[in-house]
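Observations on the model geometry
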Amino acid sequence: YAGFVNNGFYKIIGDPDNNKAILYEGGTLAATLTSDGSVDNFGHGVGFINTGHFVVGTDSSGKLFNYRQRGPNWTYSSSTIPDNLPTAKFGTSVGIDVDTAVVGAPDYDGRGAAFIFLKDAGAETWSLQARLEGEGLATGDAFGSAVAISQGGVVVGAPEANNGKGAAYVFERV
């Protein structure tokens, strides 16, 4: 698996087998980013926050890496590390809409979960706001394997739910 996101001008391709994420600007290679060496599967999940700002996830460390564009260079600015998630495959999937991120952790508690973060105003940090879990999930359902967010709505995939038929769960911000 590899993360991939395209906003029309920027493309980010995650390459977790080689612990990197590749960024293209308008079809031209702009940057190849690698992990800080503390994680495996860097690039498993990727997402845009806005122009000049994106995140890269892993499925093995419980970290979500935050990158900013500074002039022509992309620099690592912070990492979000929720407590007790290193073995949950946190960062397998990432979705971002403006200042809200949803991050999948398909091994959380055996069934999976998705976590909602809000970007702290004027800062490079993110704060955990909520944990989403689907109803009726069984061990191994992998809830959080895929996530998407747009305009306050979140969709979370559980590919092994319903005896392997899969399911999508829809959540709405209230």
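Let me begin by describing the structure that accompanies this report.

Calculation notes
Residues numbered from 1 in each chain as written. Predicted model: local features only at pLDDT ≥ 70, side-chain atom pairs only at ≥ 80, totals over all residues. Heavy atoms only, no water. Helix = DSSP H or I, 4+ residues; strand = E, 2+ residues; numbered from the N terminus. Buried < 20%, exposed > 50% of the residue type's maximum accessible area, 1.4 Å probe, protein only. Areas by Shrake-Rupley, 256 points an atom, 1.4 Å probe, with all protein chains shown as cover. Pairing = 2+ DSSP bridges. Axes fitted to C-alpha atoms, helices over the stretch in contact; angles between N-to-C directions. Phe/Tyr/Trp six-rings, centres within 6.5 Å; stacked < 30°, edge-to-face > 60°. Salt bridge = Lys/Arg side-chain N within 4 Å of Asp/Glu carboxyl O.

The next subject is the overall build of the protein chain. In terms of regular secondary structure, the protein chain is built from one helix and 15 strands. Burial analysis of the protein chain (174 residues in total) assigns 46% to the buried set. As displayed, the protein chain offers around 8500 Å² of accessible surface, 46% of which is attributable to carbon and sulfur atoms.

A few words on the sheet that holds strand 9 (residues 93-97). Overall, antiparallel pairing links the four strands, which are arranged 9-10-11-12 in an open sheet. The open sheet is flanked by strand 9 and strand 12 (126-132), the only strands paired with a single partner. Neighbouring strand axes in the sheet, compared pairwise and without regard to direction, differ in orientation by 20° on average.

Let us now look at the packing of aromatic side chains. Going through the model one piece at a time under the given rule, you end up with three aromatic pairs. Here the aromatic rings of Tyr108 and Phe115 are separated by 5.4 Å at their centres, their planes lie at 85°, and the arrangement is edge-to-face. With respect to burial, Tyr108 and Phe115 carry one shared label: buried. Through successive ring pairs, a cluster of aromatic residues spans Phe143, Tyr169 and Phe171.

Before going further, it helps to examine the sheet that holds strand 4 (residues 28-34). The strand order 1-2-3-4 describes an open sheet built from four strands, whose pairing is antiparallel. Sheet topology places strand 1 (4-6) and strand 4 at the edges, where each strand pairs with a single neighbour. For this sheet the average axis-to-axis angle between neighbouring strands, irrespective of direction, equals 15°. Where strand 2 (residues 10-15) meets strand 3 (residues 20-25), six bridges bridge the pair, whose relative direction is antiparallel. Across the sheet, residue Gly14 finds its bridge partner in strand 3, namely Ala21.

A word on the environment of Gly27. By secondary structure assignment, the location of Gly27 is in the loop between strand 3 and strand 4. The class of Gly27 is exposed, set by a relative accessible area of 52%. In the structure, Gly27 is positioned 17 residues away from Tyr10 in sequence and 7.8 Å away in space, judged by C-alpha atoms.

Right, let's get into the pattern of salt bridges. Applying the stated criterion across every chain yields a total of three salt bridges. Put simply, Asp107 and Lys89 hold a salt bridge, and the shortest N to O gap is 3.9 Å. Note that Asp107 is positioned in the loop between strand 10 (100-105) and strand 11 (113-119) and Lys89 in the loop between strand 8 (73-80) and strand 9, a separation of 18 residues in sequence.

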